[in-house]
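In case you want the letters, here they are:
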Amino acid sequence: MMKRQIAFFLLACSFAAAFLTGCAEKEQASGTSFHMDTFVSLRAYGDGARALIDACEKRLTELEKCLSATIEGSDVSRLNSANGEWISLGDDAFCVLKASLEAAELTDGAFDLTVAAAMKAWDGMSGETLPSEYELEKIRPLVDFREVELDEERKMARLGAGQSIDFGAIAKGYAADELNALYNEYGCTGIIDLGGSIYAVGAREGSEPWRIAVQDPRGDGYKETLELVSCAAVTSGDYQRFFERDGVRYHHIIDPKTLCPARSGIASVTVIGKNSMLADAYATAMFVMGAEKAVEFAEKNAVCALIIEDDGTEIWVNG
């Protein structure tokens, strides 16, 4: 599945930068678009590649319409505005919600989809103003995944009164899994790049692995490279969306316990596995945990990961 080299893996930038190895085979089809608040790049090789790219774009549009918290009428939007009432969900939203709650339980709340209230409090902050302790304490009761209820038989869910959820830390991983299934259905290989979520579908010509780079979170170059075959790699880091104030970096990954940007001593976490959705959730959770607890979590749950600390130290777990 993966071969470790002099460095490690995934780049959360553009596809052109992340894709290090040239392709011997002729490129059949490619596509770029913007979905789920990120740029999407797709490359497909094999018969039917053009039709595959079109099918992937259609699927991404479907997923965004039901999983986005900002699109009116989406499953997530309806759930957030239901004020604690039961809401019927489509298959995609229910699947992601169930997986989110399982990941929250497994990570002891380091991953928590109900952190949406805190995310909103920090949204748009530029360093000139920060949420006050009073503002954060008011929303603290709303951040608790255990208040979310599921009815699996009827595929319904309800939140605690006043709660809201956000799938931003898991939806792109789910989308990558869904696109991987389409690639396999169409009999194509290639690369799926959804920002920090990459899926290497199959192998290159001659059974050669795809080579992917992990960005240096504190520099302009790459920290590691990976060779991937039929495998996902997902990175969470503090180096893309952030501002600094009084020497403190404020980024977009919120710690559900403090309701503030996580200060864990970690700059990025990359998780590798067959299931991109879980890799997405685990990468966020491990970033929040800090290196010691993240290593313990990965070892206990057989998670393959690369942790890069603030000082550049690299920690491989099951790699």
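Everything discussed here concerns the structure shown above.
A brief look at the structure comes next. (Residues numbered from 1 in each chain as written. Predicted model: local features only at pLDDT ≥ 70, side-chain atom pairs only at ≥ 80, totals over all residues. Heavy atoms only, no water.)

**Notes on the pattern of salt bridges**
Working step 1: Inspection of the entire model under this criterion finds 15 salt bridges.
Working step 2: Asp108 serves as the salt-bridge partner of Arg146, at 3.9 Å between the closest nitrogen and oxygen. One end of the pair, Arg146, is in the loop between helix H6 (133–139) and strand E5 (149–151); the other, Asp108, is in the loop between helix H4 (91–106) and helix H5 (116–122), with 38 residues separating them in the sequence.
Working step 3: A salt bridge links Asp151 to Arg154, with the shortest nitrogen-to-oxygen separation between them at 2.7 Å.
Working step 4: According to the relative accessible area criterion, Arg154 is partly exposed, its value standing at 49%. (Salt bridge = Lys/Arg side-chain N within 4 Å of Asp/Glu carboxyl O. Helix = DSSP H or I, 4+ residues; strand = E, 2+ residues; numbered from the N terminus. Buried < 20%, exposed > 50% of the residue type's maximum accessible area, 1.4 Å probe, protein only.)

**Overview of the pairing of strand E2 (residues 29–35)**
Working step 1: Burial along E2 is one-sided: Ala29, Gly31, Ser33 and His35 are buried, and none of Ser30, Thr32 and Phe34, which face the opposite way, are.
Working step 2: Of the pairings in the sheet, the one linking E2 to strand E3 (residues 38–45) comprises seven bridges and is antiparallel in character. Bridge pairing in E3 links Gly31 to Leu42.
Working step 3: Two successive antiparallel strands, E2 and E3, enclose a turn made up of two residues, where Met36 displays a positive phi of approximately 55°. (Pairing = 2+ DSSP bridges.)

**Section: the sheet that holds strand E17 (residues 304–309)**
Working step 1: The eight strands lie next to each other as E2-E3-E7-E8-E11-E16-E17-E18, forming an open sheet whose pairing is antiparallel. In the strand order of this sheet, the two ends are held by E2 and strand E18 (314–317), each with one partner. Neighbour-to-neighbour, the strand axes of the sheet open up by a mean angle of 10°, direction not taken into account.
Working step 2: As paired elements, strand E16 (residues 266–273) and E17 share six bridges and run antiparallel to each other. When the sheet's bridge partners are listed, Ile272 is paired in E17 with Cys304.
Working step 3: Its contacts with the sheet place helix H7 (residues 171–186) against E3, strand E7 (189–194) and strand E8 (197–201), and it is angled at close to 160° to E7. (Axes fitted to C-alpha atoms, helices over the stretch in contact; angles between N-to-C directions. Contact = heavy atoms within 4.5 Å.)

**Notes on the side chain of Thr114**
Working step 1: Tracing the chain through its elements places Thr114 in the loop between H4 and H5.
Working step 2: Side chain to side chain, Thr114 and Asp112 meet in a polar contact 2.6 Å long.
Working step 3: Among the polar contacts listed, one links the side chain of Thr114 to the backbone nitrogen of Asp144, at a separation of 2.9 Å.
Working step 4: The contact partners of Thr114, leaving out residues within four places of it in the chain, are Leu142, Val143, Asp144, Phe145, Val148, Gln163, Ser164 and Ile165. (Polar contact = N/O pair within 3.5 Å; in protein donor to acceptor, adjacent residues only side chain to side chain.)

These figures come from the coordinates and say nothing about function on their own.
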